[in-house]
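Listed below are the residues making up each chain.
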Amino acid sequence: MTLPDPGRSFAEDAPVFVISVAAELAGMHAQTLRQYDRLGLVSPGRTAGGGRRYSPRDVALLREVQRLSQEDGVNLAGIKRIIELESRVEALQARVAELLDELELSEAHRIAAESAVAAAYRRDLVPRTASSALVVWRPAGRS
């Protein structure tokens with residue numbers, strides 16, 4: 001069997017490995033990969049003819065499934081739930097990063113707007129300072 005050239009790099013989610021190569025890289029039997037696909041633990045890409053193509057990310061996931069199963073004794077239902085939760089956490093972390101970027105941009109716009117307003121103030125106006133003086137007003141014509 002020919003393994004991929006280590007000098008050649010692929011995108012982390014590029015479906016490049018046929019099932020036999022992915023199985024060898026993950027240290028599993030090809031039938032195990034098929035079973036994991038049926039259970040929804042891993043979802044490889046598909047060719048036009050329906051053949052499975054695994055990405056480097058899929059292979060890493062398969063290794064993690066094997067580790068959780070063999071070393072930690074987690075059953076496949078538990079592994080599926082762990083994978084789902086980790087996926088949700090990653091999505092939420094990405095959303096938080098997006099919101100922080102938006103907040104930073106919004107804050108920069110707010111500061112720029114405040115600076116523009118301050119620059120437009122007339123210089124002949126004197127800001128009012130707080131005073132504790134009491135002024136009594138009496139209408140004109142009354143004593």
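Because the structure is predicted, anything quoted here is derived from the model rather than measured. (Residues numbered from 1 in each chain as written. Predicted model: local features only at pLDDT ≥ 70, side-chain atom pairs only at ≥ 80, totals over all residues. Heavy atoms only, no water.)

With respect to the layout of surface pockets
Its boundaries defined by the atoms lining it, the largest pocket holds a volume of some 440 Å³. As for the largest pocket, its lining consists of 16 residues, of which Arg57, Leu61, Ile83, Ser87 and Glu90 are closest to the centre. Those elements that provide at least two residues to the lining of the largest pocket are α3 (56–70) and α4 (76–120). The element that contributes the greatest number of residues to the lining of the largest pocket is α4, accounting for six residues. Among the residues forming the lining of the largest pocket, the class breakdown is five nonpolar, three polar and eight charged. Structurally, the lining of the largest pocket is a two-domain feature, drawing no fewer than three residues from each of domain 1 (8–74) and domain 2 (75–121). (1 Å grid on protein atoms, 1.4 Å probe; cavity = no way out; pocket = protein on both sides within 12 Å on 5 of 7 lines; lining within 4 Å. Points joined across faces, edges and corners; volume = space filled by probe spheres on them. Helix = DSSP H or I, 4+ residues; strand = E, 2+ residues; numbered from the N terminus. Nonpolar A, V, L, I, M, F, W, Y, C, P; charged D, E, K, R; others polar. Domains from an automatic or database assignment.)

What about the nonpolar core?
Counting residues in hydrophobic clusters, the biggest one holds 19 residues, and the most contacted among them are Leu33, Tyr36, Tyr54 and Leu62. Of all the secondary structure elements, the ones that give two or more residues to this core are α1 (19–26), α2 (30–39), α3 and α4. For this core, the element with the most residues is α1, which contributes five residues. (Core = buried A, V, L, I, M, F, W, Y, C linked by side-chain atoms within 4.5 Å. Buried < 20%, exposed > 50% of the residue type's maximum accessible area, 1.4 Å probe, protein only.)

Re the confidence of the model for the protein chain
Atomic detail in the predicted coordinates should be set aside for any region of low pLDDT. For the protein chain, per-residue confidence averages 88 on the pLDDT scale, and 87% of positions sit at 70 or higher. Confidence, expressed as mean pLDDT per element, reaches its minimum in the protein chain at strand β1 (residues 45–46) with 92 and its maximum at α1 with 96. (pLDDT = per-residue confidence, 0-100.)

Some remarks on the side chain of Ser55
Along the polypeptide, Ser55 turns up in the loop between β2 (52–53) and α3. The exposure class assigned to Ser55 is buried, which follows from its relative accessible area of 3%. Dropping the residues within four chain positions of it, Ser55 is found in contact with Glu12, Asp13, Ala14, Pro15, Val16 and Phe17. (Contact = heavy atoms within 4.5 Å.)

What to know about a nonpolar patch on the surface
Among the surface-exposed residues, Val96, Leu100 and Leu103 lie close enough to one another that they form a single nonpolar patch of about 290 Å² accessible area. Tracing the sequence through the fold places Val96 in helix α4. (Patch = residues over 30% accessible without salt bridge, like charges linked within 9 Å, V, L, I, M, F, W, Y side chains within 5 Å. Areas by Shrake-Rupley, 256 points an atom, 1.4 Å probe, with all protein chains shown as cover. Salt bridge = Lys/Arg side-chain N within 4 Å of Asp/Glu carboxyl O.)

Quick notes on α2
Because an α-helix packs 3.6 residues into every turn, residues spaced three or four apart end up facing the same way. Burial in α2 covers these residues: Ala30, Leu33, Tyr36 and Asp37. Along the axis of α2, the buried positions cluster into a sector of 115 degrees, meaning they face one direction only. Buried residues along α2 sit against α1, β1, β2, α3 and α4. Of the residues flanking the end of α2, it is Gly40, one or two places downstream, whose phi is positive at about 85 degrees. (Arc of directions from axis to C-beta.)

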